[in-house]
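# Fold and contact review
Here are the chains, one letter per residue:
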Protein chains: 2
Amino acid sequence: MSVKMKAALFLLQLSGFFGSGSAGKVLVWPMEYSHWLNLRTILDELVKKDHEVTVLIPSASLSYEVGDTSAIEFEKYPASLSMAELEELYKDSLNKYIYELPKQSFWGYFLLYQELAWEDSKYCESLCKDAVFNKELMAKLQNSSFDVIVADPFVPCGDLLAEILKIPLVYSLRFFPGSTHEKYSGGLPLPPSYVPVAQSELSDRMTFMERVQNLIFMLSFDFWFQIFNEKNWNQLYSEVLGRPTTLSEMMGKADIWLIRTYWDLEFPHPVLPNFEYVGGLHCRPAKPLPKEIEDFVQSSGEHGVVVFSLGSMVGAVTEERANVIAAGLAQIPQKVLWRFEGKKPDTLGSNTRLYKWIPQNDLLGHPKTKAFITHGGTNGIYEAIYHGIPVVGIPLFGDQFDNVVHMKTKGAGVRVDFLTMSSTDLLHAVKTVINDPSYKENAMRLSRIHHDQPVKPLDRAVFWIEFVMRHKGAKHLRVAAHDLTWYQYHSLDVLGFLLACVLTVMFVITKCCLLCCQRFTKSGKKKKRE
Amino acid sequence: MSVKMKAALFLLQLSGFFGSGSAGKVLVWPMEYSHWLNLRTILDELVKKDHEVTVLIPSASLSYEVGDTSAIEFEKYPASLSMAELEELYKDSLNKYIYELPKQSFWGYFLLYQELAWEDSKYCESLCKDAVFNKELMAKLQNSSFDVIVADPFVPCGDLLAEILKIPLVYSLRFFPGSTHEKYSGGLPLPPSYVPVAQSELSDRMTFMERVQNLIFMLSFDFWFQIFNEKNWNQLYSEVLGRPTTLSEMMGKADIWLIRTYWDLEFPHPVLPNFEYVGGLHCRPAKPLPKEIEDFVQSSGEHGVVVFSLGSMVGAVTEERANVIAAGLAQIPQKVLWRFEGKKPDTLGSNTRLYKWIPQNDLLGHPKTKAFITHGGTNGIYEAIYHGIPVVGIPLFGDQFDNVVHMKTKGAGVRVDFLTMSSTDLLHAVKTVINDPSYKENAMRLSRIHHDQPVKPLDRAVFWIEFVMRHKGAKHLRVAAHDLTWYQYHSLDVLGFLLACVLTVMFVITKCCLLCCQRFTKSGKKKKRE
């Protein structure tokens with residue numbers, strides 16, 4: 001065989017392994033609403049690349065399959081909750097998050113937050129039980145020989161399924177309260193001195209008292225996670241696997257963590273080699289608008305338009321809040337497109353039009369768009385960053401507060417408080433981000449950072465899912481921290497041992513000195529006697 | 001203006017900024033030998049992309065300009081050291097590293113290591129002084145309006161030049177003893193429980209006693225870095241800038257750290273967003289060999305060949321060591337190509353040919369190559385990984401010990417000791433990596449990991465240098481840890497404050513309880529009296 005042929009054979013040996021070309025089988029454990037919308041973009045791309053994608057969904061769900069015509073397959077399993085119960089659960093939870101939680105005192109906030117998180121966790125647990133105890137479903141999944149499971153760890157169970165099916169695991173995560181998942185299950189070191197805990201609403205440059213606050217937040221979330229939240233899951237996981245295990249142990253087996261932010265929005269902090277920051281992967285260049293909307297936008301003249309949405313979960317608000325908002329918006333020279341599903345507010349200005357649905361990304365990419373009034377959901381914030389639009393943030397729940405704080409800190413947004421803002425507050429906020437050029441400049445700076453990456457976020461997400469399928473995991477990126485106990489991880493046993501050594505040496509030296517002194521004194525006394 | 005035109009304008013606004021197309025001006029502060037060989041690959045690529053590259057070199061140097069015909073410009077400044085002095089310095093230092101250091105006891109090792117590092121540091125300091133105190137040179141550099149400086153932080157000063165010239169800074173680094181540069185100047189958190197300190201020769205899975213050893217190494221290196229090494233540099237930097245500053249502060253301003261390893265060789269550990277792992281960027285597919293070498297390789301038949309080199313710095317070894325090595329190699333059925341510059345060993349077998357120079361990468365990529373006997377330099381190790389060749393490591397100094405330990409831990413190599421090995425030891429090692437198929441399999445596994453990245457290491461390195469030129473830095477990737485003192489970073493002030501609060505509350509409660517008890521007792525006594 002000639003050298004060239006052998007060299008070619010070697011290259012084939014290498015490349016043949018990677019680009020086997022054969023499509024993979026992807027199982028998906030998703031989460032509702034904006035989480036699903038984001039994950040969907042990755043799944044569509046996987047389908048385009050000829051992979052078979054099967055999404056596990058409960059019989060009662062609110063966001064999956066809506067208008068779905070793609071090649072994604074949905075494997076439906078019977079859920080304990082009926083559709084009516086599910087709708088009631090979401091409605092009640094949302095109302096408490098938006099209208100009750102912000103009114104609480106410091107401790108009241110923690111208590112109510114814990115109650116809400118407890119309810120969320122119970123719902124997630126019911127979903128997990130419905131799946132893993134469904135023998136027929138599990139047998140079907142076992143027989144399907146999936147190559148990878150892509151899961152949203154906000155609803156645990158994807159990790160358990162990966163363990164049962166013995167397949168690699170890729171996570172898609174925005175954040176977990178207090179960053180506890182990332183810390184305890186990923187081994188990610190996040191020093192509280194400059195890494196604000198998720199949901200702390202702090203920036204990376206903290207005053208002394210803010211650092212105190214951040215540490216207290218961290219300790220509270222850690223306590224809450226380890227004592228309350230994890231306990232039930234540990235029990236369920238151990239029961240299913242028939243051996244003692246924990247949620248953290250199972251989550252720690254994830255091969256890749258796809259995090260739905262990037263350093264445009266996120267404050268820089270330590271990361272692990274198997275964490276990929278793929279924020280904004282769903283954003284695309286703007287497409288032309290429907291005629292009616294385009295005409296309305298064009299009618300704004302040189303003033304341009306303001307886009308307003310409170311996200312996929314919040315169509316309507318109370319009548320009082322709607323009137324305050326509408327009255328504020330009525331006073332700006334811009335035209336306003338407001339995604340709103342409730343009763344038309346009495347104070348609605350002639351410059352404002354209500355829509356049950358808006359092509360948000362296309363509107364934000366329209367040259368006439370001057371500002372985006374948003375609840376601060378990650379998807380919307382990333383569309384604003386992608387198109388370089390300054391924001392007025394009205395955060396309602398979850399990561400929205402942090403997202404708005406990040407945009408504000410980076411000079412690309414202002415924040416108003418949903419429950420307490422007056423029409424003037426909103427008016428002032430919108431005028432500020434439109435009339436003060438620094439907000440547009442900063443939004444454009446974030447946009448430039450976002451667009452200037454070696455590989456686009458979506459391509460990176462798909463690459464690592466395919467990598468995990470090709471190599472049956474990504475063990476080479478997994479830190480050895482996972483094999484250590486908490487006291488070993490912090491070197492407490494080593495420090496204790498070294499301290500014991502030092503103390504022993506000091507004790508021996510002191511004893512020796514004392515003995516010498518005693519002998520010296522005795523011999524001195526003897527001599528004196530002599 | 002139509003919507004389409006405005007949209008196009010927006011895209012131009014974005015893209016115009018990135019791809020201004022205009023070439024940049026790159027200043028380079030390099031380091032000799034293998035460091036230079038690696039950096040050279042990046043510079044060649046920058047030149048290909050029409051950037052102007054100027055390398056600052058002293059009048060006495062050993063590796064720059066050698067056979068250089070590229071468009072790279074060399075800006076030479078008069079050095080305090082003559083060529084003869086420099087050669088003597090390197091020869092003496094190398095002899096001590098190779099023949100004296102390994103013979104030392106635990107403490108003797110640290111003392112001699114410190115002496116050698118001190119000498120290295122003095123030499124680097126002289127280079128820095130020769131440059132920054134050369135008024136003519138500095139004026140020329142000031143007038144040249146460079147866009148970025150690419151520096152090897154192993155020789156500090158690049159950071160100082162960046163500060164003086166007010167331009168962004170990109171580092172190219174393999175490691176610094178004890179990982180101290182990365183920790184103190186990059187803000188990188190490296191838990192000693194699972195991250196072996198650079199030059200500790202440990203793996204990421206340590207026994208209890210190894211963790212004790214790693215912590216002691218870490219503390220020793222930290223102490224040495226902060227007390228001895230940094231002091232002189234702090235003084236020089238403060239003198240040059242005319243204000244108190246430190247080496248760490250200046251190094252901490254680096255925008256991007258290009259680290260010359262990747263997770264194929266490196267044990268996974270936390271990283272920072274501005275650290276890019278670009279190991280193996282110099283590797284390329286093998287080119288055809290010169291005829292004489294190809295004929296010799298082909299003459300090996302089915303046994304194949306073994307490639308042997310101790311790196312660009314070590315051409316010859318002592319006669320005794322050369323004979324031991326030659327006698328070992330004479331016993332293997334493979335043909336051996338040995339890069340060797342000394343006197344021909346008496347025990348040289350007919351299967352072994354000596355070469356003053358070998359096309360190492362092309363030989364390692366040759367289908368007949370079965371093993372690579374190497375000192376374990378990062379460049380050579382990466383060529384072995386790139387082509388999937390198992391190694392026999394004979395580490396001599398620097399990071400070579402760690403590199404060989406990594407290859408051994410990953411099952412792609414064995415290690416022999418240069419000073420104490422017998423012919424049989426070497427023979428056994430070579431036979432092991434060739435005859436035990438697991439070594440080839442593991443080397444191929446590392447090769448697959450190396451080749452399967454979203455972007456090639458060289459392209460990533462060039463991308464981030466260009467990014468820094470486009471954006472005049474990469475501030476969005478810089479952790480806020482740089483603005484904290486060491487006790488703030490570790491939250492010691494916050495913990496102290498919280499402890500004080502808890503103690504105060506406990507004191508007040510105890511006092512109150514005591515007062516209550518006293519009153520209760522008094523009133524009890526009163527009642528009794530009544």
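Nothing here was measured: the structure is a model prediction, and the numbers come from that model.

## Quick word on the UniProt feature "transmembrane region" (unreviewed entry) in chain A
Annotation from UniProt places "transmembrane region" (unreviewed entry) at residues 494–517 of chain A. Summarising residues 494–517 of chain A: 100% helix, 0% strand, and an end-to-end C-alpha distance of 34 Å.

## Comments concerning the pairing of strand β9 (residues 335–339) of chain B
Working note: regular strand, side chains alternate between the two faces of the sheet. All names here are of chain B. In terms of burial, β9 is a largely internal element, 4 of the 5 residues being buried. Examined bridge by bridge, strand β8 (residues 305–309) and β9 share 4 bridges and lie parallel to one another. The residue bridging V307 from the neighbouring strand is L337, located in β9. Handedness of the crossover is the feature at issue here: the chain leaves β8, passes through helix α11 (residues 319–329), returns alongside β9, and the resulting connection is right-handed. By the bridge criterion, 4 bridges tie β9 to strand β10 (residues 352–355) in an arrangement that is parallel. Residue pairing in the sheet places W338 in a bridge with L354 of β10.

## Observations concerning the interface of chain B and chain A
Across the contact, 67 residues belong to chain B and 67 residues belong to chain A. Summed over both partners, the interface of chain B with chain A buries about 5,900 Å², with 72% contributed by carbon and sulfur atoms. There are 6 salt bridges connecting chain B and chain A. Here R470(A) ties to D452(B) by a salt bridge, and the two come within 2.8 Å at their closest N and O atoms. Connecting chain B to chain A are 11 residue pairs in polar contact (both at pLDDT 80 or more). Per-element accounting of the side of chain B that touches chain A gives the leading share, 8 residues, to helix α1 (residues 3–18) of chain B.

## Points about the pattern of salt bridges
All names here are of chain A. Evaluation of the coordinates by the stated rule reveals 50 salt bridges over all chains. Two residues, D399 and R174, come together in a salt bridge whose shortest N-O distance is 3.1 Å. Of this pair, D399 sits in the loop between β12 (391–393) and α14 (400–409) while R174 sits in the loop between β5 (169–173) and α7 (180–186), and the two are 225 residues apart along the sequence. Taking relative accessible area as the criterion, R174 reaches 10% and is therefore assigned buried. Put simply, K475 and D255 hold a salt bridge, and the shortest N to O gap is 3.3 Å. Of this pair, K475 sits in the loop between α17 (457–471) and α18 (486–489) while D255 sits in the loop between α9 (247–251) and β6 (256–259); the two residues are 220 residues apart in sequence, bridging distant segments of the chain. Residue classification places K475 among the exposed positions, given a relative accessible area of 56%. A cluster of three or more residues bridged by salt bridges with shared partners is formed by D92, K96 and E115.

## Structural notes on the side chain of S193(B)
If you trace the backbone, S193(B) turns up in the loop between α7 (180–186) and α8 (208–241). Using a relative accessible area of 2% as the deciding quantity, one classes S193(B) as buried. Polar side-chain contacts of S193(B) include one of 2.6 Å to the backbone oxygen of Y489(A). Filtering out sequence-adjacent residues up to four positions away, S193(B) remains in contact with L484(A), Q488(A), Y489(A), S491(A), M206(B) and R211(B).

## Describing the relation of the copies chain B and chain A
One chain copy maps onto the other through a rotation about an axis and a shift parallel to that axis. Overlay of chain B on chain A (RMSD 0.1 Å): rotation 180 degrees, translation along the axis 0.1 Å. Put plainly, the chains are arranged around a two-fold axis. Measuring from the rotation axis to each C-alpha of chain B, the shortest distance belongs to V271(B), at 2.7 Å. With an isologous cut-off of 70% or more, the 100% of interface residues of chain B that recur at the interface of chain A puts this contact in the isologous class.

## Some words on the domain arrangement of chain A
Interface extent is often summarised as the accessible area lost during association of the parts. Along its sequence, chain A is organised into domain 1 (21–82 + 121–281 + 456–473), domain 2 (291–451) and domain 3 (480–507). Its C-alpha centre places domain 2 of chain A at a distance of 54 Å from the equivalent point of domain 3 of chain A.

## Section: the state of the cysteines
Linking two cysteines covalently through their sulfur atoms gives a disulfide. For the coordinates displayed, the defined rule picks out 2 disulfides over all chains. Covalently, C128(A) is tied to C157(A) through a disulfide, its sulfur atoms 2.1 Å apart. As the torsion about the S-S bond is roughly 75 degrees, the C128(A)-C157(A) disulfide counts as right-handed. Taken together, the positions of C128(A) in helix α4 (residues 106–132) and C157(A) in the loop between β4 (148–151) and α6 (158–165) put the pair 29 residues apart, joining distant regions of the chain. Residue C128(A) is classed as buried on the basis of its relative accessible area, which comes to 0%. Residue classification places C157(A) among the buried positions, given a relative accessible area of 0%. This cysteine, C517(B), is not joined by any disulfide, and C513(B) carries the nearest cysteine sulfur, 6.5 Å off.

## Observations concerning the side chain of E230(B)
Residues and elements named next belong to chain B. Position of E230 among the secondary structure elements: in helix α8. Lacking a salt bridge, the buried E230 has K231 as its closest oppositely charged neighbour, with an N-O distance of 12 Å. A polar contact of 2.8 Å, which involves the side chain of E230, links it to the side chain of S248. Leave out the neighbours within four places in its chain, and E230 touches F225, T246, L247 and S248.

Cut-offs applied
Residues numbered from 1 in each chain as written. Chains lettered and ligands numbered in written order. Predicted model: local features only at pLDDT ≥ 70, side-chain atom pairs only at ≥ 80, totals over all residues. Heavy atoms only, no water. UniProt positions renumbered as here; feature names shortened; annotations may be inferred. Helix = DSSP H or I, 4+ residues; strand = E, 2+ residues; numbered from the N terminus. Buried < 20%, exposed > 50% of the residue type's maximum accessible area, 1.4 Å probe, protein only. Pairing = 2+ DSSP bridges. Right-handed = clockwise from strand over helix to strand, strands pointing away. Contact = heavy atoms within 4.5 Å. Buried area = accessible area lost by both parts, 1.4 Å probe. Salt bridge = Lys/Arg side-chain N within 4 Å of Asp/Glu carboxyl O. Polar contact = N/O pair within 3.5 Å; in protein donor to acceptor, adjacent residues only side chain to side chain. Least-squares fit on C-alpha atoms with pLDDT ≥ 70 in both. Domains from an automatic or database assignment. Disulfide = S-S within 2.5 Å. Lys, Arg positive; Asp, Glu negative; His and termini not counted.

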